[in-house]
Amino acid sequence: MPGTPIRRGDVAKFAIGAAIIAAATGAFAYTAGWLSPGRLTPTRLVAALAPPGGPALGHRRNHAKGICFTGVFESNGKGAELSRAGILAAGTYPALGRFNLGTADPNAPDATVRVRGMGLQLTASDGTLWRAAMIDPPFFPVSTPQAFYDLLTASHSKDPGAMKGFIAANPEFGTFAGWAKGAPWTASYAEDAFNSLNAFIFIDAAGARHAVRWSFVPQAPVTPITDAELTALGPDHLEQEIAQRVAAGPQRWNLVITIADAGDPTNDPSKVWPADRRTIDAGTLVVQKIEEERDGPCRDINFDPTILPDGIAVSDDPFPAARSAAYARSFNLRTSEVKDYPYNATATTGATP
Amino acid sequence: MTASAMTRNTVTGRSTSATPRFSALQRLLHWLMAVCILAMLFIGVGMNSTVTPKYLPLVETHKTLGFVILLLALIRLAVRLVVGTPPLPADLPPLIKLGAHLSHYGLYALMIGMPLLGWGMLSAGGYPVVLLGHIQLPAILAPSDALHTVLWNAHFYLAFAFFGLIALHVGAALFHGFIRRDGVLESMASVSAPREATRPRK
Ligand code: HEM
Ligand code: HEM
Ligand code: HEM
């Protein structure tokens, strides 16, 4: 160093280097979304779920009211025609799940929530997991994750024209609104069908790909009721009822896999496939035990629908990716808010059998 | 660090006639990993700021490349313990030397620590850790809300510390190369160039 005068050219090279570092930092900030307030990020999508009063800390940011179950999945082996996933080979496998209501409010009265859901984890013999989160409507209200965000924004907006504007831009929502208004209710989770709605790809042993959707269809006879009748049963009837019902005997759902024909839309869960599509009954979900969420094994699980075993993959449906990003965000939030979660509050009023 | 410490102690200063350079293997690992790590930082913040379908392949790449980095970093550490490092210029002020050493230890800690934090965070969150869609790794921690939160925060904040440290590191390398012109940049500069081709460290 001593005796080596600094040369102008080298200073210029150093300056160029420094400029490259600055540019890389800018590119990093851009990639992180800090320079793009309009970008739909997992953070914004999840924030939009919160009711005007703010989210219920410690709870799932959607489908916040729920109850855990455990049981088994009895696979009859017929699904192996479509997918090489271990869980579809004949056998009996552990199942863990959560019945829930599609609301951000963990204390919402049952009859105020139109959408019911099931989170499910099946574990194959080799330990690989299949997680799913399904709901009871036969189709999704909107076609894209962006439209779902727009729906949340419009429904929480104070602007009286917001919902009108949203419906005009997303006419498929009308079909859902019709279902929400007209479809009968049930008085039990055991009488509801839970549908994947999103299309997935099953890959068979030969590597062939089959676009499918699936449903868990209840074996229990369905007794349709009105929302007024459900209201009369009390705000937490569903959890009390399923606990009593399962204590009296296991409840069953058939896994019905529907195979798309060429040309059926796989990228839009608001569009149902024609009713004559081929289906395969791949086995039975047997729910054997109910546990309260706060002590139960389902609480700290993220039923991310993209946690799939080899033999099942996502399709061109844009929802699973958006859901995976949003569920991770919700999971990160709620696991960091343990102190706000009512572990010990009203521990005796639960529905544990 | 014994081997490298020895090298530094026995080779005094940089007035040896041979040009002290990192071994070819070290240079190869350095540049290969530099590309991978920069990619990882961008993939990390990119995936966490999108809900588009590219989210899923980005996450999968993040996990897989993260493990590749962990393996390469362990190999690199072993190589360094065996082969050592060329001494820093003798006329470098002691504080700067200390800074150089500490920053290198910091970089090693992050190259090894970040993947372990990622792996631990997923394990504590009850997630399966699957690479390339079908290579299932064991959980290294039992599920725990509290641990998940701690590890998530560590992975998140250390990622930005990593970026900052790299920026500092590159700035220092350019300072050595263009302002001090003391041969430090050349000691790592090229993956393939033979010794003779480089400016001797004086
Ligand atoms: C972009 C659209 C969607 C967003 C942003 C979204 C958001 C969320 C969030 C944040 C959670 C809580 C996750 C957690 O903390 O573990 C959740 C849970 C759930 N979602 Fe979605 N969701 C979307 C679409 C769907 C669709 C299409 C379905 C069904 C077909 C669905 C069914 C469910 C169910 C059943 C749960 C509860 C799972 C459990 O018990 O943990 N969601 N959703
Ligand atoms: C050198 C290695 C690694 C670097 C530099 C790195 C860097 C990053 C960065 C920059 C983020 C985004 C932070 C944010 O903006 O939210 C991130 C997130 C993440 N990383 Fe890594 N990572 C590494 C290794 C790993 C490994 C090996 C795994 C898992 C096996 C992993 C799992 C994750 C996950 C799951 C997230 C998302 C966390 C969330 O839900 O917010 N990372 N990482
Ligand atoms: C992602 C980025 C990078 C990481 C993690 C990294 C890491 C390291 C580490 C740990 C060392 C210590 C030597 C060893 O044991 O390998 C080192 C040395 C070095 N790096 Fe980097 N590096 C990165 C990028 C760069 C870049 C972009 C440059 C040049 C512009 C650079 C120039 C150097 C030089 C000149 C040395 C030698 C320092 C000495 O003589 O002690 N590095 N790097």
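Note on numbering: residues in each chain are counted from 1, in written sequence order. Whichever chain is written first becomes A and whichever ligand is written first becomes 1, with later ones labelled in order. Per-residue local features are limited, in this predicted model, to residues with pLDDT of at least 70; the limit for side-chain atom pairs, both in listing and counting, is 80 or more; totals at the level of whole chains, interfaces and linings are taken over all residues. To obtain the side-chain values, all non-hydrogen atoms of the structure were included, while hydrogens and water were left out.

J.: How do you make sense of the UniProt feature "transmembrane region" (unreviewed entry) in chain B when you look at a structure like this?
T.: All names here are of chain B. UniProt positions are given in the numbering used here, feature names are shortened, and annotations may be inferred rather than shown by experiment. In the numbering used here, UniProt assigns the feature "transmembrane region" (unreviewed entry) to residues 28–45, 65–83, 104–122 and 156–179. Note on conventions: DSSP H or I runs of at least 4 residues are helices, E runs of at least 2 residues are strands, and numbering of each starts at the N terminus. Across residues 65–83, helical content stands at 100% and strand content at 0%; the span's end C-alpha atoms are separated by 26 Å. For residues 104–122, helix accounts for 100% and strand for 0%, while the C-alpha atoms at its two ends are 27 Å apart.

J.: I tried to follow the coordination of the iron atom of ligand 1 on my own but got confused; where do I start?
T.: Ideal coordination angles are 109.5 degrees for a metal with four donors arranged tetrahedrally and 90 or 180 degrees for a metal with six donors arranged octahedrally. Because water is not among the atoms used, a metal site may look incomplete, as its donors are only the N, O and S atoms within 2.8 Å, or 3.2 Å for Na, K and Ca. For the iron atom of ligand 1, the protein contributes exactly one donor atom, Tyr 327 of chain A (OH), at 2.1 Å. Within the element layout of this structure, Tyr 327 of chain A appears in helix α8 (residues 319–335).

J.: Please clarify how the site of ligand 2 should be interpreted in this entry.
T.: A cutoff of 4 Å decides nearness: a residue is near a molecule or strand if any of its heavy atoms lies inside that distance of it. Within the structure, ligand 2 sits among 24 residues, and Asn 332 of chain A together with Asn 48, His 62, Trp 152 and His 155 of chain B are positioned closest to it. The site occupied by ligand 2 is bordered by residues of chains A and B. In the analysis that follows, any N or O atom pair within 3.5 Å is treated as a polar contact, provided that within protein one partner can donate a hydrogen and the other can accept it, and provided that, for residues neighboring in sequence, both atoms belong to side chains. Residue Asn 48 of chain B places a side-chain N or O atom 2.7 Å away from an oxygen atom belonging to ligand 2. Contacts to ligand 2 include His 155 of chain B, whose side-chain N or O atom sits 2.7 Å from a nitrogen atom. Polarity classes work like this: nonpolar for Ala, Val, Leu, Ile, Met, Phe, Trp, Tyr, Cys and Pro, charged for Asp, Glu, Lys and Arg, and polar for all others, with Gly in that last group. Per-class residue counts for the shell around ligand 2 are 16 nonpolar, 7 polar and 1 charged.

J.: Got a minute to help me understand the site of ligand 3 in this structure?
T.: All names here are of chain B. As a matter of local geometry, ligand 3 sits amid 22 residues, with His 30, Arg 76, Arg 80, Tyr 108 and His 169 nearest to it. One of the side-chain N or O atoms of His 30 is found 2.8 Å from a nitrogen atom in ligand 3. Take Arg 80: an N or O atom from its side chain is 2.7 Å from an oxygen atom of ligand 3. Contributions of two or more residues to the shell around ligand 3 are made by α2 (24–47), α3 (55–83), α4 (94–124), α5 (145–180) and α6 (184–189).

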